[in-house]
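A closer look at the structure
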Amino acid sequence: MKFFLIILIIMFSFSSFAYAYPESNMQDCISRSLNNPATKSRSKKSIKNYCDCALKSIIDEKKDIRKAGYECAMKNFN
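Predicted model, so just to flag it, every value in this text is computed and none were measured.

Describing the overall build of the protein
When helices and strands are tallied, the protein shows four helices and zero strands. When the helices and strands of the protein are read in sequence order from the N terminus, they spell out α-α-α-α. Relative to the globule expectation of 12 Å for 78 residues, the C-alpha radius of gyration of the protein, 17 Å, shows a markedly less compact shape. By principal-axis analysis of the C-alpha atoms, the protein measures approximately 60 × 25 × 25 Å. Going through the 78 residues of the protein one by one, you find that 24% of them count as buried. In the protein, 41% of the contacts between residues at least 6 apart in sequence involve partners at least 24 apart.

Printed below as a string of structure tokens:
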């Protein structure tokens, strides 16, 4: 029983993050945001946070694209 518990703890401590969206969606969002004149002056970190927020809202929470984009922009660009 102890062995099983130790193995279980090790498995959970070395597991990686799982995202609901493919990495290609994140790269596409970042590249489009960097090419957008309205967001060119923003840091790459804030753009990455924005894209992560928007993709999670759209895919995981099934929010409307405009609403998710607006809410995430308010969080990350202000």
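Brief notes about the packing of helix H2 (residues 23-35) against helix H3 (residues 44-60)
Their axes nearest at 9 Å, the elements H2 and H3 cross at an angle of 130°. The angle between the axes of H2 and H3 places the two elements in the oblique class. In terms of crossing hand, the pair formed by H2 and H3 is right-handed. Here Asn25, Met26, Cys29, Ile30, Ser33 and Leu34 of H2 come into contact with H3, specifically with Lys44, Ile47, Lys48, Tyr50, Cys51, Asp52, Leu55 and Ile59. Within the contact of H2 with H3, the residues separate by chemical class into nine nonpolar, two polar and three charged.

Looking at the pattern of salt bridges
For the structure shown, the criterion picks out four salt bridges. For Asp28, the salt bridge goes to Arg32, with nearest N and O atoms at 3.0 Å. Of this pair, Asp28 and Arg32 both sit in helix H2, four residues apart, which is roughly one turn of that helix. Residue Asp52 pairs with Lys56 through a salt bridge whose shortest N-O separation is 3.3 Å. With a gap of four residues between them, Asp52 and Lys56 both fall in helix H3, about one helical turn apart.

Some thoughts on H2
For H2, which comprises 13 residues, the first-to-last C-alpha distance of 19 Å matches the rise-based estimate of 18 Å (1.5 Å per residue) to within 8%. All buried positions along H2 are accounted for by Met26, Cys29, Ile30 and Ser33. The buried side chains of H2 occupy one side of the element, clustering within an arc of 95° when seen end-on. Counted as exposed and oriented over 90 degrees from the buried face of H2: Arg32 and Asn35. Of the surrounding secondary structure, the elements contacted by the buried residues of H2 are H3.

Thresholds applied
Per chain, residues are indexed from 1 in the order of the written sequence. The predicted nature of this model means local features are confined to residues of pLDDT at least 70 and side-chain atom pairs, given and counted, to a pLDDT of 80 or more, with totals for whole chains, interfaces and linings taken over all residues. The side-chain quantities take in all heavy atoms of the structure and omit both hydrogens and water. Each helix is a run of H or I in the DSSP string that is no shorter than four residues. Each strand is a run of E no shorter than two, and both are numbered from the N terminus. When we talk radius of gyration, it's over C-alpha atoms, and the globule rule is simply 2.2 Å times the number of residues to the 0.38. To sort residues, take the accessible area from a 1.4 Å probe on protein chains only and compare it with the maximum for the residue type: under 20% means buried, over 50% means exposed, and anything in between is partly exposed. It only takes one pair of heavy atoms within 4.5 Å for two residues to be counted as in contact. Every angle, taken between N-to-C directions, lies between 0 and 180 degrees, and every axis is a line fitted to C-alpha atoms, over only the stretch in contact when it is a helix. Any angle that is under 35 degrees is reported as roughly parallel, and any over 145 degrees as roughly antiparallel; angles of 65 to 115 degrees are reported as roughly perpendicular and all others as oblique. Each helix crossing is assigned a hand: it is left-handed if the near helix lies turned anticlockwise from the far helix by less than a right angle, otherwise right-handed if that turn is clockwise. Classification used: nonpolar for Ala, Val, Leu, Ile, Met, Phe, Trp, Tyr, Cys and Pro, charged for Asp, Glu, Lys and Arg, polar for all others including Gly. Throughout this description, the term salt bridge denotes a Lys or Arg side-chain nitrogen within 4 Å of a carboxyl oxygen of Asp or Glu. Given a helix with a known number of residues, its expected span is that number minus one, times 1.5 Å. Arc definition: it is the arc formed by the directions from the helix axis to the C-beta atoms.

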